[in-house]
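Listed below, chain by chain, are the residues.
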Amino acid sequence: MTHATSYVTSTVRGGFDLNGNNNMKRAKESGVWRHFTLDTPTSLTATCNICKTNVARGGGSTARYNTTNLIRHLQNYHAKEHGEFLTLTLQSKKQAGDDKTKQLTVVDALERREKFPANSMKATKITEKVLEFIVLDAQPISVVEDGGFRRLLEHLEPRYNLPSRKYFSETALPELYKKACGHISEELKDVSAMSFTTDIWSSDVCPMSLLSLTVHWLDRSFAPHSAMLQAKNFHGSHNSDSISTAIKEMLGQWHIPLNKVHVILRDNASNMKKAMDNMRVRSLGCFAHTLQLVINEGLLSQRSVNDAIASSRQIVGHFKHSPLAYSQLHDLQLQMQMQPKHLQQDIKTRWNSTYLMIESLLEQKRVLCAYVADHDLPTTLTANQWALLEKTAAVLAPFEELTRKVSSSTSSTADVIPSVTVLKRILAKEDGADAGIKTMKKTVLQAINKRFSAVEDEPLYALSTLLDPRYKDRCFTSADSVKRAKDALTKELEEEDPGSSTVGRETTEPPEKSPRVETEAPPHKSSFMKELDQILEECEGPGATSSSSPAVELHRFFTEKTITASDCPYQYWRVNKDRLPHLAAIATKYLCAPCTSVESERLFSAVSNIVDEKRNRLTAERAEMLVFMRKNMPFLLK
């Protein structure tokens, strides 16, 4: 009897338990009990809460009671409630299905405890992702031996057996390197003209020197691409013969003949220049590096400006070396409701760092003046020096903007002549506010004229500028230079199509308009961009004519309006390559050349993050593989 009573108590939902308490629960409730009530656990009938009808529970005994009659009653007399019951039942079954775990067979249980075979697809994929993590995030290969990393993988996939450090270093990495090399070789196979950047890097933590070579090209849809080819271990003297021999070897390993080398961008060192001459390939110095030499000459030319900058360095250095001073400055920034910021220290080898230091000081001028009232500084800036710094920042701002522009991945040699023209015009303008910096401006202008005196006569610059639909012939300062550049471009057209020396037949089709890629104008233009827009507007030509011959194609291109300076020249040629096929073929060659060696600089920044004090025993070969994969992994991931 006790056993039966327990069973009934656990199988009814409503009514009273044996102690008279109205709180009986079913272990597995049926939704039908929302609409019925029991007077006692052993009642033969259940009372409908809707119509108060007593419905037989069926079964004939307590152990056989069921809900079939109750459900049928709802179906026959209470359709709405029956629908609610069905919905609730479906939801309960779905939840039970989600929560229910399938009982594993003995075989399945044993398989889940066994490790993946090393050559299984699952294990191979995980190993590939671990290697990608090491490469993309510049992690040391020894991370696979770290306890925390191993615990993480063990938690995520207990069946995966993480390979050893030796496997990643001597097997997985070389295999991935070989795969990436094959992919890049396939990309370069049909490219007719390529440009390169090169530079030399020496480690501070180990006796290692690397000679880099990066390649740049435009594909058939005029999309720019770049890839690292090598960072070769460079032993011995860094003379011109050694450099030229090493670069020839690297090109040979990639099966790139010298006639496909359009230009090599290098630094301005004499050994680099002579090495390119020895190879008999065209080369250009880094435009951004030359700009920094111009700036340094200007800053050193005027004593008052040089003194103000020297005092600025002392002030910034004081806060960099004194945690207490910086803490006090930070508190003042908060008190004056200014966003806390660090002062920028200038570094001679870092481009535009002097400008950034001056800007950071000017931004914190109020805070620094308040700091001086209560604390000591190694030196202070006078009112005249503050004014000089403001004027110096105004002069250097176009250089900073230009350096960022030409250092972008989409810049090309076409940007050099327009940039030099704009800088000359900005510096030549006289302003009453120039008092105190006239000598500096004059010296900077003289340095530009000296270092870029022949820029318009350099075919690599001139032809790429002509072929850039943003600039064409509008930014040249000499009519003779324009004529020589156009003659050189005509000669290129004749070599591209020997029959282009005579004007072909003209079509009877109406003149076509050049498709333009419009971009939203920025809300505020800098002095550099305003001056460039003015130059382009002053030289705008008449409308276009229509013809299919290369000679008239050239005329047609130059008489069309330029696209805006913010538009993409590659997009222009992508749209117009069928309309101007001969010029498009030449543009593919000339617009693939960057105007700086920034790609090599960025490459060595990545190397310095890999070859650090903790990994100073890394071999040059392994370091090259790691940086090669980090730079070129996007080719494998796309």
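Residues numbered from 1 in each chain as written. Predicted model: local features only at pLDDT ≥ 70, side-chain atom pairs only at ≥ 80, totals over all residues. Heavy atoms only, no water.

Engineer: Got a sec to walk through the overall build of the chain? Specific residues and values, please.
Structural biologist: Of the regular secondary structure elements, the chain holds 25 helices and 8 strands. Within the chain, counting contacts between residues at least 6 apart in sequence, those at least 24 apart form 66% of the total. Accessible surface for the chain amounts to roughly 33,800 Å². Of this, 50% is attributable to carbon and sulfur atoms. (Helix = DSSP H or I, 4+ residues; strand = E, 2+ residues; numbered from the N terminus. Contact = heavy atoms within 4.5 Å. Areas by Shrake-Rupley, 256 points an atom, 1.4 Å probe, with all protein chains shown as cover.)

Engineer: Describe helix α21 (residues 550-559), naming the residues involved and giving the relevant values.
Structural biologist: Burial analysis of α21 places 8 of its 10 residues in the buried class, the great majority of the element. Of all the positions in α21, only Pro 550, Val 552, Glu 553, Leu 554, Arg 556, Phe 557, Phe 558 and Thr 559 are classed as buried. Elements that come into contact with the buried residues of α21 comprise α18 (459-467), α19 (479-496), α22 (569-576) and α23 (581-590). (Buried < 20%, exposed > 50% of the residue type's maximum accessible area, 1.4 Å probe, protein only.)

Engineer: Tell me what's going on with unusual backbone geometry, and back it up with residues and numbers.
Structural biologist: Here the phi dihedral of Lys 52 falls at roughly 65 degrees; this positive angle occurs in a residue that is not glycine. With respect to the element layout, Lys 52 can be found in the loop between β2 (45-48) and β3 (54-56). Although it is not a glycine, Gln 337 sits at a positive phi angle of roughly 55 degrees. Looking at Gln 337, the relative accessible area reads 77%, which means it is exposed.

Engineer: Please provide a residue-by-residue account of the pairing of strand β7 (residues 261-266), values included.
Structural biologist: With 6 of its 6 residues buried, β7 lies for the most part within the structure. Two strands pair when backbone bridges link them, and β7 and strand β8 (residues 283-285) are joined in this way by 3 bridges, in the parallel orientation. Across the sheet, Arg 266 pairs through a bridge with Gly 285, a residue of β8. The β-α-β motif built from β7, the intervening helix α9 (residues 270-279) and the parallel element β8 has right-handed crossover chirality. (Pairing = 2+ DSSP bridges. Right-handed = clockwise from strand over helix to strand, strands pointing away.)

Engineer: Which residues make up the sheet that holds β8, and what values go with them?
Structural biologist: An order of β6-β5-β4-β7-β8 is seen for the 5 strands of this open sheet, with the pairing classed as mixed. Sheet topology places β6 (224-233) and β8 at the edges, where each strand pairs with a single neighbour. Averaged over all pairs of adjacent strands, the angle between their axes in this sheet comes to 25 degrees, without regard to strand direction. Together, β4 (194-202), β5 (209-218), β7 and β8 form the strand contacts of α9, whose direction differs from that of β7 by roughly 165 degrees. (Axes fitted to C-alpha atoms, helices over the stretch in contact; angles between N-to-C directions.)

Engineer: Kindly report on the environment of Gly 436, identifying the contributing residues and their values.
Structural biologist: For Gly 436, the location among the structural elements is in the loop between α16 (416-428) and α17 (438-451). Once residues within four sequence positions are removed from consideration, Gly 436 is found in contact with Gln 302, Ser 304, Val 305 and Leu 388.

Engineer: Report on the nonpolar core, specifying residues and quantitative values.
Structural biologist: Counting residues in hydrophobic clusters, the biggest one holds 93 residues, and the most contacted among them are Phe 287, Phe 319, Phe 399, Ile 448, Leu 489, Trp 573 and Leu 583. Among the elements that line this core, the one with the most residues is helix α15 (residues 383-406), at 9 residues. If sequence neighbours within four positions are ignored, Phe 287 has contacts with Leu 402, Val 406, Val 416, Ser 419, Val 420, Phe 452, Cys 595 and Thr 596. Residues Tyr 160, Leu 176, Leu 188 and Met 633 belong to the second largest nonpolar core, which totals 70 residues. (Core = buried A, V, L, I, M, F, W, Y, C linked by side-chain atoms within 4.5 Å.)

Engineer: Before we move on, can you summarise the pattern of salt bridges with the specific residues and values?
Structural biologist: All told, the structure shown has 22 salt bridges when counted by the stated rule. Between Glu 132 and Lys 129 there is a salt bridge whose closest N-O contact spans 3.7 Å. Placement of both Glu 132 and Lys 129 in helix α5 (residues 121-136) is noted, with a separation of 3 residues, approximately one turn of the helix. Note on Glu 132: relative accessible area 18%, which makes it buried. With a closest N to O distance of 2.8 Å, Lys 189 and Glu 186 form a salt bridge. Accessibility expressed as a relative area gives 48% for Glu 186, which makes it partly exposed. When salt bridges that share partners are traced, they join Asp 415, Asp 468 and Arg 470 into one network. (Salt bridge = Lys/Arg side-chain N within 4 Å of Asp/Glu carboxyl O.)

Engineer: Quick one: what's the story with the sheet that holds β3, residue by residue and with numbers?
Structural biologist: Reading across the sheet, the 3 strands line up as β1-β2-β3 and stay open at both edges, with antiparallel pairing between neighbours. Edge strands, defined here as strands with exactly one partner in the open sheet, are β1 (36-37) and β3. Note: β2 against β3, 3 bridges, orientation antiparallel. Looking across to β3, one finds that Thr 45 is bridged to Ala 56. Against the sheet, helix α2 (residues 68-77) engages β1, β2 and β3, with an angle of about 130 degrees to β3.

Engineer: Residues and numbers for the environment of Lys 178, please.
Structural biologist: Mapped onto the elements of the fold, Lys 178 is located in helix α7 (residues 165-188). When its relative accessible area of 66% is taken as the criterion, Lys 178 is described as exposed. Spatially, the C-alpha atoms of Lys 178 and Met 629 are 9.9 Å apart, while their sequence positions differ by 451 residues.

Engineer: Describe the pairing of β5, with residues and values.
Structural biologist: Counting buried residues along β5, 10 of its 10 residues qualify, which places the element largely inside the surrounding structure. Residues Ser 209, Leu 211, Leu 213, Val 215 and Trp 217 line one face of β5 and the alternating positions Leu 210, Ser 212, Thr 214, His 216 and Leu 218 line the opposite face, and both faces are buried. Pairing geometry for β4 and β5, over 8 bridges, is antiparallel. Its bridge partner being in β5, Ser 202 is matched across the sheet by Ser 209. Turn length for the β4-β5 hairpin, with the two strands adjacent in sequence and antiparallel, is 6 residues. Bridge count for β5 against β6 is 9 bridges, and the pairing is antiparallel.

Engineer: Lay out the packing of aromatic side chains with the relevant residues and their values.
Structural biologist: Under the counting rule described, the total for this entry stands at 13 aromatic pairs. Taking the centre distance of 5.0 Å and the plane angle of 65 degrees together, the rings of Phe 319 and Tyr 371 count as edge-to-face. Of this pair, Phe 319 sits in helix α11 (residues 303-321) while Tyr 371 sits in helix α14 (residues 365-374); the two residues are 52 residues apart in sequence, bridging distant segments of the chain. The exposure classification of Phe 319 matches that of Tyr 371, with both residues buried. (Phe/Tyr/Trp six-rings, centres within 6.5 Å; stacked < 30°, edge-to-face > 60°.)

Engineer: Give a description of the side chain of His 82 that names residues and reports values.
Structural biologist: The topology assignment puts His 82 in helix α3 (residues 79-99). Setting aside anything within four residues of it in sequence, one finds His 82 in contact with Ile 71, Leu 74 and Gln 75.

Engineer: Tell me what's going on with helix α13 (residues 353-363), and back it up with residues and numbers.
Structural biologist: Every α-helix carries 3.6 residues per turn, so stepping three or four residues along brings you back to the same face. Among the 11 residues that make up α13, 8 are buried, leaving the element largely enclosed by the rest of the structure. Considering only its buried residues, α13 is in contact with α10 (287-301), α11, α14 and α15.

Engineer: Could you give an account of the state of the cysteines, naming the residues involved and the relevant values?
Structural biologist: According to the stated counting rule, one finds 0 disulfides in the structure shown. Not engaged in a disulfide, the cysteine Cys 48 finds its nearest cysteine sulfur in Cys 51; these two sulfurs lie 3.6 Å apart. Residue Cys 48 is classed as buried on the basis of its relative accessible area, which comes to 0%. (Disulfide = S-S within 2.5 Å.)

Engineer: How would you summarise the confidence of the model for the chain if you had to cite specific residues and measurements?
Structural biologist: Residues at a pLDDT of 70 or more form 86% of the chain, whose mean pLDDT is 83. Across the chain, the element-wise mean pLDDT spans from 36 in helix α1 (residues 2-11) up to 95 in α18. Low pLDDT, under 50, characterises residues 1-28; the predicted model gives this stretch 40 contacts beyond four residues in sequence or across chains. (pLDDT = per-residue confidence, 0-100.)

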